[in-house]
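Analysis of the macromolecular model
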Amino acid sequence: MVKGLTEVSSAKAQLGLGHSYSRAKVKFNVNRADNMIIQSISLMDQLDKNINTFSMRIREWYSYHFPELVKIISDNYLYAKVVKLIGNRKAFTEESMEQLEELVMDSGKAQAILDASRSSMGMDISPIDLMNIEAFTSKVISLTEYRKGLADYLRSKMKQVAPNLGTLIGDQVGARLIAHAGSLTNLAKYPASTVQILGAEKALFRAIKTKGNTPKYGLIFHSTFIGRAGAKNKGRISRYLANKCSIASRIDCFSEIPTQVFGDHLKQQVEDRLKFLDTGEVPQKNIDVMKEAVQEATVVQAKVAKKEKKKKKKEKRMSSANDDTLDTTQEADTTQEMDVSQTEEPKKKKKKAKRKSEGEGMDTTQEMDTTQEEEPPKKKKKKTKVEAEGVDEPEEDLSKKKKKKKKNKE
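Report on the accompanying structure. What you see is a predicted model; the values in this text were computed from it and never measured.

When helices and strands are counted, the protein chain shows 18 helices and zero strands. The buried share among the 410 residues of the protein chain stands at 27%. Of the contacts formed within the protein chain by residues at least 6 apart in sequence, a portion of 65% connects residues at least 24 apart. Of the accessible surface of the protein chain, which amounts to about 29000 Å², a share of 55% is contributed by carbon and sulfur atoms.

Here it is as structure tokens:
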């Protein structure tokens, strides 16, 4: 055992290892998180409810002043824009007819609105009430525009997370299936019979209690295929569509590189089945269709992999270029600092040289004074030096000197 390894730390290590192993097996990717799809589709449903209630409030409020406008324009978003443009119906003239035609996109409707404003049964309105109505209409218009942007965001997110399911059954219906199941993995684990009645649980349990007929479809009913099928064939198409939806969700959940190839082929299979139920035309076999889809998917995945490699190379080049620029800037800063330090050093040296010269001048003056005072002892020192040198001379020099003395005596 490892020293210092407790039961708590070993349990944490086992949990982390299990998480990493499961992520590697399921190929977990942060960009493919389906939580954002669940939140966005629930927000879209809530926005639809709120926009409907607010638009009904605008219709009731403005109909006191201009009741004939409700019958001419039925769309809520367009009605709010027209109310903001017209304002007080008495001030509306033919000069603003061009703007109204641009909004309504119909000259006949614009002329009808102008005629109705001139002969309206509504009451007069004060400017303060009109200001409040215009402020409320601007809020409703901003909400509807935000809802359109949210729909675009959901479409792009579905292409990343579940492209095959989105192409087969639609982005909103696929997102509702994912939200009802809880996640894409849970939807992939469900059998086709569960996917078929997903969203009709109340009717299912009611039918089980009363021993009646079970529901044929749940959230799948909002797809276009079931609406296009006949009354007799709706149950068959819903069962077939649920089968294809379960296949598409499994492909989206467990594929490394998601593509729309399988979704297109599955959608074509549902179209062929509709034709078969209507006209009796025999569709293509499932094995042949899947073989073609696998071949196309491999080609598309190879292209996507090449693109990703190119992107990674570009990112590496950009990062290396940024690092080089940072290094060059750092080198430039260091060279500037060195230049500044070199310019500062001579000044310091000059100061030091001045101090040394001053110190040497002081030392020379002191030495001169001392030499004037200590001249006699220096001579003694010379004598002592000579004597010391004589003592240190070798014996040969002494013998030579003795011989010279003898010669001089003779």
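Here the focus is the nonpolar core. Taken as a class, soluble globular proteins show a tendency for nonpolar side chains to be buried jointly. The biggest cluster of nonpolar side chains holds 39 residues, and the ones touching the most others in it are L165, I169, I178, L187 and L241. Contributing elements (two or more residues each) for this core: α2 (35-63), α7 (127-161), α8 (163-169), α9 (171-181), α10 (184-189), α13 (224-228), α14 (234-254) and α15 (261-279). For this core, the element with the most residues is α14, which contributes seven residues. Counting 23 residues, the second largest nonpolar core, distinct from the first, contains Y77, L78, A110 and V140.

Attention now goes to α15. Compared with an ideal rise of 1.5 Å per residue, which puts 19 residues at 27 Å, α15 spans 27 Å between its outermost C-alpha atoms and is within 8% of the ideal. Considered for burial, the residues of α15 that qualify are V261, F262, G263, H265, L266, Q269, V270, E271 and L274. Positive backbone phi, approximately 90°, marks G280, located one or two places after α15.

The grouping of E98, E101, E102 and D106 at the surface amounts to a negative patch. Checked against the element boundaries, E98 lands in helix α5 (residues 97-104). In this structure E98 comes out as exposed when scored by relative accessible area, which is 60%.

Next up on the list: the packing of aromatic side chains. All chains considered together, the criterion is met by four aromatic pairs. Between the aromatic rings of Y62 and F66, the centroid separation amounts to 6.4 Å while the plane-to-plane angle is 65°, which identifies the pairing as edge-to-face. Each member of the pair, Y62 as well as F66, is classed as buried. One aromatic cluster is present, formed by F54, W61 and F136 through successive ring pairs.

Another aspect to go through is the packing of α2 against helix α4 (residues 76-86). Axis separation between α2 and α4 bottoms out at 10 Å; the angle between their running directions is 40°. As judged from the angle between their axes, α2 and α4 are oblique. The hand of the α2/α4 crossing is left-handed. Residues N52, S55, I58, R59, Y62 and S63 of α2 lie in contact with α4, whose contacting residues are N76, Y79, A80, V83 and I86. Residue classes in the contact of α2 with α4 are distributed as six nonpolar, four polar and one charged.

Mapped onto the elements, S55 comes out in helix α2. With relative accessibility at 2%, the residue S55 sits in the buried group. Side-chain polar atoms of S55 contact the backbone oxygen of N52, separated by 2.8 Å.

On to a positive patch on the surface. Where like charges cluster on the molecular surface, the positive patch consists of K303, K306, K307, K309, K310, K311, K312, K313, K314, K316 and R317. Relative to the assigned elements, R317 resides in helix α16 (residues 286-373). Owing to a relative accessible area of 59%, R317 belongs among the exposed residues under this scheme.

A cluster of nonpolar residues, W61, Y64 and M123, forms a patch on the protein surface that exposes about 360 Å² of accessible area. Following the sequence through the fold, W61 ends up in helix α2.

Note that R59 resides in helix α2. One buried charged side chain, R59, makes no salt bridge at all; its nearest oppositely charged neighbour is D75, positioned 6.5 Å away. Side-chain polar atoms of R59 contact the backbone oxygen of S74, separated by 2.6 Å. Other than its neighbours up to four places away in sequence, R59 contacts V70, I73, S74, D75, N76 and Y79.

Residue placement: G199 occurs in the loop between α11 (192-196) and α12 (201-210). We classify G199 as partly exposed; its relative accessible area is 41%. Taking the C-alpha atoms as reference points, G199 and R176, separated by 23 residues in sequence, lie 9.2 Å from one another. Among residues more than four places away in sequence, those in contact with G199 are H180 and L219.

Before going further, it helps to examine the pattern of salt bridges. Scanning the entire structure with this criterion turns up eight salt bridges. When the shortest N-O distance is used, the salt bridge between R147 and D48 registers 2.9 Å. Of this pair, R147 sits in helix α7 while D48 sits in helix α2, and the two are 99 residues apart along the sequence. Taking the relative accessible area as the measure of exposure, D48 reaches 24% and is therefore partly exposed. In this structure, E271 engages R228 in a salt bridge whose closest nitrogen and oxygen atoms are separated by 2.7 Å. A residue pair is termed long-range when its members are at least 10 positions apart, and E271 in helix α15 and R228 in helix α13 qualify at 43 residues. Classification of R228 by relative accessible area gives partly exposed; the value is 47%. When salt bridges with common partners are traced through the structure, they connect D152, R155 and D171 into a single cluster.

Conventions we followed
- Residues numbered from 1 in each chain as written.
- Predicted model: local features only at pLDDT ≥ 70, side-chain atom pairs only at ≥ 80, totals over all residues.
- Heavy atoms only, no water.
- Helix = DSSP H or I, 4+ residues; strand = E, 2+ residues; numbered from the N terminus.
- Buried < 20%, exposed > 50% of the residue type's maximum accessible area, 1.4 Å probe, protein only.
- Contact = heavy atoms within 4.5 Å.
- Areas by Shrake-Rupley, 256 points an atom, 1.4 Å probe, with all protein chains shown as cover.
- Core = buried A, V, L, I, M, F, W, Y, C linked by side-chain atoms within 4.5 Å.
- Expected span 1.5 Å × (residues − 1).
- Patch = residues over 30% accessible without salt bridge, like charges linked within 9 Å, V, L, I, M, F, W, Y side chains within 5 Å.
- Salt bridge = Lys/Arg side-chain N within 4 Å of Asp/Glu carboxyl O.
- Lys, Arg positive; Asp, Glu negative; His and termini not counted.
- Charge placed at Lys NZ, Arg CZ, Asp CG, Glu CD.
- Phe/Tyr/Trp six-rings, centres within 6.5 Å; stacked < 30°, edge-to-face > 60°.
- Axes fitted to C-alpha atoms, helices over the stretch in contact; angles between N-to-C directions.
- Parallel < 35°, antiparallel > 145°, perpendicular 65-115°, else oblique.
- Left-handed = near helix turned anticlockwise from the far one by under 90°.
- Nonpolar A, V, L, I, M, F, W, Y, C, P; charged D, E, K, R; others polar.
- Polar contact = N/O pair within 3.5 Å; in protein donor to acceptor, adjacent residues only side chain to side chain.

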